[in-house]
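Spelled out from the first residue to the last, the chains are:
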Amino acid sequence: MAGKMRALIQPSLAGADDNRECRQVRAKDARWCPNVTVAAVIERDGRFMLVEEETDAGLRFNQPAGHLDDGESLIAAASREALEETAHHFTPEWLVGIYQWPRPDGALTYLRFAFGGVLGDAVAGRALDTGIQRVVWMTPDELRACVERHRSPLVMQCVDDWLAGCRHPLSLLRHYG
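A. Inspection of the sheet that holds strand 7 (residues 65-67) at higher detail. Taken in spatial order, the five strands make up an open sheet running 7-3-9-8-11, and their pairing is mixed. The open sheet has two edge strands, strand 7 and strand 11 (168-169), and neither has a second partner. Note that strand 3 (residues 35-41) and strand 7 share three bridges and pair antiparallel. Within strand 7, the residue paired with T37 across the bridge is H67. Here helix 1 (residues 74-86) sits on the sheet in contact with strand 3, strand 7, strand 8 (88-102) and strand 9 (109-122), set at roughly 110 degrees to strand 8. Packing against the sheet, helix 3 (residues 154-163) makes contact with strand 3, strand 8 and strand 9, and its axis sits at approximately 115 degrees to strand 8.

B. Spatial organisation of the pattern of salt bridges. Counting across every chain of the model gives 10 salt bridges. The shortest N-O distance in the salt bridge between E81 and R80 comes to 2.9 Å. Among the residues examined, E81 registers a relative accessible area of 1% and is labelled buried. Among the residues examined, R80 registers a relative accessible area of 16% and is labelled buried. Each of D69, E72, R80, E81 and E84 takes part in salt bridges that share partners, so that together they form one network.

Reading guide: rules and limits
Residues numbered from 1 in each chain as written. Predicted model: local features only at pLDDT ≥ 70, side-chain atom pairs only at ≥ 80, totals over all residues. Heavy atoms only, no water. Pairing = 2+ DSSP bridges. Helix = DSSP H or I, 4+ residues; strand = E, 2+ residues; numbered from the N terminus. Contact = heavy atoms within 4.5 Å. Axes fitted to C-alpha atoms, helices over the stretch in contact; angles between N-to-C directions. Salt bridge = Lys/Arg side-chain N within 4 Å of Asp/Glu carboxyl O. Buried < 20%, exposed > 50% of the residue type's maximum accessible area, 1.4 Å probe, protein only.

And the structure:
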């Protein structure tokens, strides 16, 4: 593909919070591609489940979220990430939205698939994923009061979309693998 742009994907060396992240490097023979992520939007009694996690910018709040693994469906990834980060089972039932967000430094663009669903039981004795400090429950107003501590603007946008009734059927997604 001479003359076309493609992205070179390299494992990140940035640290624990980016351990599965891919770097997008522009090169003459490279095609750009986003980092595909999933997130679980979990609401109970007017509060949303978040994780407080270590990042290069300090402790930040995020939905239970992470990268899509090779060969994994988006739905399975959302369940897995919620379990790893919260020690709770999560069953996706709706697609809340699809979000494309370039980091302000321009180094990466994320393509996030956010899912709403049912939070299951906690898994006794299961440790939280590396970098996750704790699970917290916050109201929308509490979230709005600390936007400077959000991992990205997608945190509040996913909550706002959930509150606006954004719930799309999972049948929109097809996995061939």
